[in-house]
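Examination of the molecular architecture
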Amino acid sequence: MTRPIALVTGASSGIGEACARLLAERGHDLVLVARDEGRLEAVAKELADTHGAAAHVLRADLTVPAQLGMVEDRCRATEAPVEVLVNNAGFGSFGAFHTLDLDGEIREIQLNVVALVRLTHAAASQMVPRGRGAILNVSSLAGHQPGPMNATYGATKAFVTSFSEAVHEELRGTGVAISVLVPGFTRTGFQETASVPASAVPGFMWQEADDVARAGLDGLAKNRAMVTPGNVNKVLGTFSSITPHAITRRLGGEIIKRST
Ligand SMILES: NC(=O)c1ccc[n+]([C@@H]2O[C@H](COP(=O)([O-])OP(=O)(O)OC[C@H]3O[C@@H](n4cnc5c(N)ncnc54)[C@H](OP(=O)(O)O)[C@@H]3O)[C@@H](O)[C@H]2O)c1
């Protein structure tokens, strides 16, 4: 019996690594994508040793068009097709927009938005004719409202949520599932990379990467349009979705001023 293949971006740490581990446990072989090849090799070895999964390492910086193109080709391939795509790689930046390095902000858009769109297109184009496949796009609660000091990141995640929900409706009835995962604070390397002052965030607001990944993949298996992991995030997500932006952006701005 051949095992179905899942491709996970950002599989070298955090939520992506947790998704890769769960997919291996659930019977998939893996294609692991990120920049840190050593870390990906270590994850691949663990998945082979623990779950008997064949895990192929595809080192790529998804902000570099030629390297992104290589991953797109793998997603589009009809031989040994990718059955599950997890578009998880992403990063954030923190600070007043005009003070941030502009090239870094553009790279953030290239990774969080452009790479995700290109890989969704490549995978869907081989999945729809086969009448099967599944795509999980990782967004954030930060995408539910404008985020002062987090302007670019919040906007990229607003895009990811809106885009994924729309494509979900387009693919209804095709046999291809697409869900958007909307995590809140999750214990990974994310906050350190983004230089987010997260030490003041109370413990009850945090989730573990394994729990977030499990909720995302379970929701994808049921083809839920949107998956918000954890009760606290569900309440926050509902509040920011139904509250006018004029209120949430002011509130967000005040909270961030007081905590920095
Ligand atoms: N942690 C949170 O609180 C939180 C909350 C909401 C949403 N999210 C979202 O969850 C997703 C995963 O983040 P995480 O929390 O697991 O953070 P993380 O531990 O920092 O993982 C980010 C992953 O993205 C990869 N990556 C970064 N830049 C890349 C690039 N240019 N090309 C290819 N891969 C790249 C990293 O691998 P390399 O460094 O090896 O390339 C790493 O595997 C992101 O989309 C993030 O926006 C996180």
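A few points on the structure. Along each chain, the written sequence defines residue order, and numbers are assigned to residues from 1. At least 70 in pLDDT is required for a residue's local features to be given in this predicted model, at least 80 for side-chain atom pairs to be given and counted, and no such filter applies to totals for whole chains, interfaces and linings, which use all residues. By convention in this description, side-chain values take in all heavy atoms of the structure and omit both hydrogens and water.

Moving on, we get to the overall build of the protein. Within the protein one finds 9 helices and 9 strands. For this measure, only C-alpha atoms enter the radius of gyration; the expected value for a globule follows 2.2 Å times N^0.38, where N is the number of residues. Relative to the compact-globule value of 18 Å for 260 residues, the protein shows a C-alpha radius of gyration of 18 Å, a close match. Taken along the three principal axes of its C-alpha coordinates, the protein extends 55 × 40 × 35 Å. Taken over 260 residues, the protein has a buried fraction of 49%. Here a strand is any run of E in DSSP of at least two residues, a helix any run of H or I of at least four, and the numbering for each starts at the N terminus. Buried residues are those whose accessible area, probed at 1.4 Å on protein chains only, stays under 20% of the maximum for their type, while exposed residues exceed 50% and partly exposed ones sit between those limits.

As used here, the term nonpolar core means buried Ala, Val, Leu, Ile, Met, Phe, Trp, Tyr and Cys residues forming a set that is joined through side-chain atoms within 4.5 Å. Membership of the largest hydrophobic core comes to 32 residues, with the highest contact counts inside it found for V8, L23, L30, L32, L47, V86 and L217. Put simply, the parts of the chain that give this core at least two residues each are β1 (5–9), α1 (14–25), β2 (29–34), α2 (37–51), β4 (82–87), β5 (133–138), β6 (176–181) and α7 (209–221). Looking at this core, the element that brings in the most residues is α1, giving 7 residues. Aside from chain neighbours lying at most four places away, what touches L30 is A6, V8, A20, L23, A24, L47, A54, A55 and H56. One finds I5, L7, M127 and I135 within the second-largest nonpolar core, a separate group that totals 25 residues. Residue contacts are defined here by distance: any two heavy atoms, one from each residue, within 4.5 Å place the two residues in contact.

Let's shift gears to unusual backbone geometry. Phi at M149 is positive, roughly 75°, even though this residue is not glycine. M149 sits in the partly exposed class, given a relative accessible area of 28%. The backbone phi angle of S195 is positive, close to 55°, even though this residue is not glycine. For S195, the position within the fold is in the loop between α6 (190–194) and β8 (207–208). Looking at S195, the relative accessible area reads 53%, which means it is exposed.

Helix span, as expected, comes to 1.5 Å for every residue beyond the first. Compared with an ideal rise of 1.5 Å per residue, which puts 15 residues at 21 Å, helix α9 (residues 245–259) spans 21 Å between its outermost C-alpha atoms and is within 8% of the ideal. All buried positions along α9 are accounted for by T248, G253 and I256. One side of α9 holds all its buried residues, which, seen down the axis, span an arc of 130°. Exposed and oriented more than 90 degrees from the buried face of α9 are R250, I255, K257 and R258. Taken together, the buried residues of α9 touch α8 (231–242). Along the arc lie the directions from the helix axis toward the C-beta atoms.

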